[in-house]
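Fold and contact review
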Amino acid sequence: MNKNKEDALSTRISLAGVLDHKKVEIQPVNLFREFLLIDESLKNMLGKVASNHVLEWRPAEVYTIINGETRNYDLNIQSEIDDETETRNEAESSDTEENEFAAEEQKKSGNAPLIEKVKRCLYISTLSTDVTIIERKGGIVRYEGEEKLLDQYLELTVSNDKIEAFIRKKKELKSEIVNLSSLLYFLKKKRITYGIISDEEIEKWLMESTPEADEKPFVIARGVKPIAGQDGSVNYLFRTDYTNPGKIMKDGSIDFRDKGDMPYVNKDTLLAIKTPFKEGISGVDVFGIKIMPQEPFDPPFTSGNGTIISEDKLQITSAANGQPHVDIMGNITVNDELVIKGDVDLKTGNVIFKGNIVVNGIIKEGMTVKGINLTAKEIEGATIDLKGDLNVANGISHTTVKAVGNIHTKFVNSSQITGFGDFTVEKEIVDSNLILSGSCNVLRGTVMASTLNARKGIETKQVGTIASKPSNLVVGTDDIADLMEKKIDELLEEGRITIDKIRKAMNLLNGEDEALFTQITESAHIQDRALFEIEELKKQLVRHRESNDNNELKKVAEKIKTLKERAHSAEDLINSLFEKQGVLTAKRDKLSLGIEQQEKKNMVLLKEKRIIGQSIRMMEPNPTVKVNGTILQGSKIIGPGSSIVLEKDYSRCIIREMAKDEDNPHFFEMEIKGI
C-alpha cells in the first residue's frame, strides 16, 4: 500500500486537534457540527457503496487535515505515485511543525479499527471538498450548509403584508444545533433583519417544549405598519344633488317651467370650503424594506366661470349672481341662463355658452351645443357636450352625448352616450351604446339590441324582444375610467407631437437666424471697412489740395464716391436683414407661446386624468342587473371578473357577480336569484 495511504489510515486525528489548528474555539457546538458533517458524509459514502458506486481514494497528509487544504492524487497515474516520496520530503523540510504534530498523533493512534480508519479517510475528503468556513465571530464558526441543517428543525413563515415573521419547531430541538446564536444566524440567512424580538424572548421559546408550544407559530419578528394619511374633503355650501328637470306629467313628458326650488346664489357668497389631505407615515417590513402608506385622496377643487378662489386655495366664493354648479372634475361655477325659444338649427347656429342652456324646441341634425346644464324638448342627430346635466322632454335620436352630470330622457334611439352620473330613461333604449360611471334605470320600458355599461348597476323592466338582437349589459367595471384615460392619453400624444413639430420649426428658424446674423456681421464689416478707407482717403485729399495735384484729387474723389456707395449698400442690406431678423423673432416668440400653451393643456389633461381615475374608482361599483319584468335568452351580462350568456328567459330576477370562493376572492361567477 502506498505510504500516504498508510499514514492516513493509521493516524488518529481528534476533532479538538482539528479545531485547534483551524483556530476555532473548542466549544461543544463547534465539535458537534464537525461530527454531524462527518456522520452525514459517511452515510453518503456507505450509500454509494451499497449502490455499487466506486469511491475514489483521496490520500492526504496530516497537515492537509489540520489546515483544511486539498491534496488529491490520481492513483491511476503511476508517475505521480512515484513522485510522492519526493513531494512529501519537500513538505517535511518546509513544514517541520506540522510533521512533528503528525508524528505525535501517530503515536497516540496505534492500530485503529477499520471503521475508524474509514471515518478518518472520509473526513479527510470531507474537509478537502465540502466544509467551507463562511464566518468566524465571537468564537462561533459558521459553516456552509448550516442553514440547510437548521431547516430540518425550524419552519419560517411571513405574513402576507410582511409585517410579521413566524417560526415553528418542526421536531424536537437539539441545543447543540438550535440555540440563540444559530437561530439568529438562521433569520439572517432568511433575510429577516427588522423587528426581531429580544434575546430573552427567543431563549424562553427555545426552552419551552410542549406539543402545543411546538405546533403553534411563534412571532419572531414584527415590522411597523404604515399609518394611513387622511383624505381631503370639500364642504359644499349649496345643493349639489339638484337634478330636477321639471315636473313629470302623466304621459311621461316634462314641464320645464316647474323645476321646483332651484339653487341660486348672490355675488360674494361663500360656496365651498376645502380641508386639505394629510400625508401618512411609512412603515418597515421584517425584511427591512420601507412600506409606503396609501396615497391620500386630494379632492379636485377649482374655480370656474363666475367664481373666485382664495389665495390659500381653500375657499371658493361667487363672483356673480346665478345658479351654482360643481362637476365631477371639482370645477365650481356660478352660471347665467340662456333661453332659446325655438329650435337650434342653421338659423341660430351652434350654441356654445358658459352657463345653463334651455332650448324650448328641438336641437336639429348637425348642430352642436356646449354648456353647463342643458334642457331641451328633443335632440335629433346633434352633438352635445356638457359639464353638467342633460334633461330631454321627449327623446334622443342619432346623437352623440357627453355629459359630466346626470341624464334624463323619455327614450334613446341609435345614439352614443357617455355620462359620469346616473342615466334615467322613461321608456326604451334601442340600438344604442351607453357607458356610464353611475347607474342606468329604464323605468317602464325595454332595452333592445343595445350595449349598456353602467359601473353602479342596471335596473330595467324588460331586456330584449323576440325580433331584436340580444343586448349586452356590463356592470361594475372601470370601463368608463379606462375609456376616458385612453382618450386623454391620445390627446397627450397629439400634444407631444404638436410640441415636437413646433420645436422643429423653431430649429429651422434658429438656423435662418444664425445665417442672418452671419450676413449682418459680414455686411457690418464691409461698411466699417469702407468708412475707414474713406477717412484715410480724406487725408490724401488734403495733401493733394496742398500740392494742387488735380489728377490725384479726381482719382481720390472717385474712390471716396465708390466707397460711400458700398457703405450705403451695406447699411441698406443690414437694415433689411434686421427687419428679417425681427420677423423671425416674432415667429419664434409665437412658436414659443404655442409650446407654452400646449404644455399648459397637457398639464390640465394630466390633472383631469388623475381626477377621473380617482373620482370614478373611489365610487363603490355595483355589478348587478335587476330585471322587474323579463330578460330574454341570449342576453349577455358582463362583470369585472365573470360573464354569462343566458340560456333561457328569466323573469323578475337579480343577476349579480359574486365571489366563487369566500377564501379566494379572486374568482367570480354570476348568480341569478328571483326577486
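Numbering of residues starts from 1 in each chain and follows the order in which that chain's sequence is written. The model is predicted, so local features are restricted to residues of pLDDT at least 70 and side-chain atom pairs to those at 80 or more, both for listing and for counting; the totals for chains, interfaces and linings are taken over all residues. Excluded from the side-chain calculation are hydrogens and water; included are all heavy atoms of the structure.

**Focus: the overall build of the protein**
Strands are runs of DSSP state E lasting at least 2 residues, helices are runs of H or I lasting at least 4, and numbering of each runs from the N terminus. The secondary structure content of the protein amounts to 14 helices and 40 strands. Every one of the 675 residues in the protein was classed for burial, and the buried ones make up 40%. When checking whether two residues touch, look at their non-hydrogen atoms; a contact exists if any pair is within 4.5 Å. A sequence separation of at least 24 residues applies to 49% of the contacts in the protein between residues at least 6 apart. The method behind every accessible area is Shrake-Rupley, applied with a 1.4 Å probe, and residues are considered shielded solely by the protein chains displayed. Accessible area of the protein: about 38000 Å², with a carbon and sulfur share of 50%. Only protein chains enter the accessibility calculation, which uses a 1.4 Å probe. A residue is then buried if its area is under 20% of the maximum for its type, exposed if over 50%, and partly exposed in between.

**Overview of the environment of glutamate 599**
Here glutamate 599 lies in helix H14 (residues 550-618). Through-space distance from the C-alpha of glutamate 599 to that of leucine 492 is 9.5 Å; in sequence the pair is 107 residues apart. Apart from the residues lying within four places of it in its own chain, the contact partners of glutamate 599 are Ile499 and Arg503. Pairs of N or O atoms are called polar contacts if they sit within 3.5 Å, as long as, within protein, a hydrogen donor faces a hydrogen acceptor (for residues adjacent in sequence, only side-chain-to-side-chain pairs). Reaching out from glutamate 599, the side chain makes a polar contact with the side chain of arginine 503 at a distance of 3.5 Å.

**A short note on a negative patch on the surface**
On the surface, Asp199, Glu200, Glu201 and Glu203 cluster together to form a negatively charged patch. Checked against the element boundaries, glutamate 200 lands in helix H11 (residues 199-207). Within the patch definition used here, like charges are joined within 9 Å and nonpolar side chains (Val, Leu, Ile, Met, Phe, Trp, Tyr) within 5 Å, considering only residues with over 30% relative accessible area and no salt bridge. Just to be clear on terms, a salt bridge is a Lys or Arg side-chain nitrogen sitting within 4 Å of an Asp or Glu carboxyl oxygen. When charges are counted, Lys and Arg are positive and Asp and Glu negative, with His and the chain ends excluded. Taken as the charge location is NZ of Lys, CZ of Arg, CG of Asp or CD of Glu.

**Notes on the sheet that holds strand E15 (residues 323-326)**
Following DSSP output, two strands are said to pair if at least two bridges run between them. With mixed pairing, the three strands of this open sheet are ordered in space as E12-E16-E15. Every interior strand has two partners, whereas the edge strands, strand E12 (302-303) and E15, have only one. Relative to strand E16 (residues 331-335), E15 is paired through four bridges, and the arrangement is antiparallel. Pairing of valine 326 across the sheet is with isoleucine 332, part of E16.

**With respect to the confidence of the model for the protein**
Confidence scores here are pLDDT values: one per residue, from the predictor, ranging 0 to 100. When pLDDT is averaged across the protein, the result is 80; 74% of the residues are at 70 or more. The model gives residues 1-11 a pLDDT under 50, and that stretch makes 30 contacts with residues more than four places away or in other chains. Scored below 50 in pLDDT, residues 50-134 makes 123 contacts in the model with residues more than four places away or belonging to other chains.

**Quick word on the pattern of salt bridges**
This model, assessed by the stated rule, comprises 18 salt bridges. In this structure, glutamate 535 and lysine 538 form a salt bridge, with 3.8 Å as the shortest nitrogen-oxygen distance. Here lysine 538 and glutamate 535 lie together in helix H13 (residues 479-546), a separation of three residues that amounts to about one turn. Given the relative accessible area of 37%, lysine 538 is considered partly exposed.

**Some details on H11**
Inspection of H11 places Ile202, Trp205 and Leu206 among the buried residues, and these make up the whole buried set. Angularly, the buried residues of H11 cover 100° about the axis, an arc narrow enough to put them on a single face. Facing away from the buried side of H11 by over 90 degrees, the exposed positions are Glu200, Lys204 and Met207. By definition, the arc is the one covered by directions from the helix axis to the C-beta atoms.

**Remarks on the sheet that holds strand E38 (residues 643-645)**
Spatially, 10 strands are ordered E18-E20-E22-E25-E28-E31-E33-E35-E37-E38 in an open sheet, and the strand pairing comes out mixed. The open sheet has two edge strands, strand E18 (351-352) and E38, and neither has a second partner. The sheet strands contacting H13 are strand E25 (400-403), strand E28 (416-419), strand E31 (433-436), strand E33 (451-454) and strand E35 (472-475), and the helix crosses E31 at an angle near 95°. Axis lines are fitted through C-alpha atoms, for helices just across the contact stretch, and the angle between N-to-C directions can take any value from 0 to 180 degrees.

**Examining the packing of aromatic side chains**
Put simply, two rings from Phe, Tyr or Trp (the six-membered ring, in Trp's case) pair if the centres are within 6.5 Å, and we call them stacked under 30 degrees between planes, edge-to-face over 60, tilted for the rest. A complete count under the given rule lists two aromatic pairs for this structure. Taking the centre distance of 6.0 Å and the plane angle of 70° together, the rings of tyrosine 236 and phenylalanine 238 count as edge-to-face. On the basis of relative accessibility, which here comes to 27%, the residue tyrosine 236 falls in the partly exposed class. Two limits define a charge over a ring: the Lys NZ or Arg CZ must be within 6 Å of the ring centre, and within 35 degrees of the ring normal. Stacked on the ring of tyrosine 153, the Lys or Arg lysine 171 has its end atom at 4.5 Å from the ring centre.

**Let's talk about the nonpolar core**
If you look at soluble globular proteins, the nonpolar side chains tend to sit buried side by side. Each nonpolar core is a collection of buried residues, namely Ala, Val, Leu, Ile, Met, Phe, Trp, Tyr and Cys, held together in the definition by side-chain atoms within 4.5 Å. In this structure, Ile363, Phe423 and Cys440 are the most contacted members of the largest nonpolar core, which totals 44 residues. For isoleucine 363, the contacting residues outside a window of four places in its chain are Val344, Val369, Leu374, Ala376, Glu378, Ile379, Glu380, Ala382 and Ile384. Listed in part, the 22 residues of the second largest apolar core include Leu154, Leu173, Leu183 and Trp205.

**Comments concerning the pairing of strand E14 (residues 315-318)**
Here E14 shows one buried face, formed by Ile316 and Ser318, and one open face, formed by Gln315 and Thr317. Bridge count between strand E13 (residues 307-309) and E14: three bridges; the pairing is antiparallel. Counted as the bridge partner of isoleucine 308 is threonine 317 from E14. Hairpin connection from E13 to E14: five residues lie between these consecutive antiparallel strands, with lysine 313 at a positive phi of about 65°.

**Here we look at the packing of helix H10 (residues 180-189) against H11**
Between two packed helices, what matters for the description is the angle formed by their axes and the separation of those axes. Direction vectors running N to C along H10 and H11 enclose 110°, while the axes themselves pass 10 Å from each other. Here H10 lies roughly perpendicular to H11, going by the angle between them. Between H10 and H11, the residues in contact are Leu180, Leu183 and Leu184 and Asp199, Ile202, Glu203, Trp205 and Leu206, respectively. Any residue outside Ala, Val, Leu, Ile, Met, Phe, Trp, Tyr, Cys, Pro, Asp, Glu, Lys and Arg is labelled polar, Gly included; the first ten of those are nonpolar and the last four are charged. In terms of residue class, the contact of H10 with H11 is made up of six nonpolar, no polar and two charged. To sort the angles, those under 35 degrees are grouped as roughly parallel, those over 145 as roughly antiparallel, those from 65 to 115 as roughly perpendicular, and the leftovers as oblique.

**Focus on H10**
Of the positions making up H10, those classed as buried are Leu180, Ser182, Leu183, Tyr185, Phe186 and Leu187. The residue sitting at the N-terminus of H10 and contributing the capping side-chain oxygen is asparagine 179; that oxygen lies 3.1 Å from the backbone nitrogen of serine 181. Note on H10: the residue one or two positions beyond its end, arginine 191, has a positive phi of about 70°.

**A short note on the side chain of asparagine 602**
Structurally, the position occupied by asparagine 602 is in helix H14. Relative accessible area serves as the criterion here: at 12%, asparagine 602 is assigned to the buried category. The residues contacting asparagine 602, other than those within four sequence positions of it, are Leu492, Gly495, Arg496 and Ile499.

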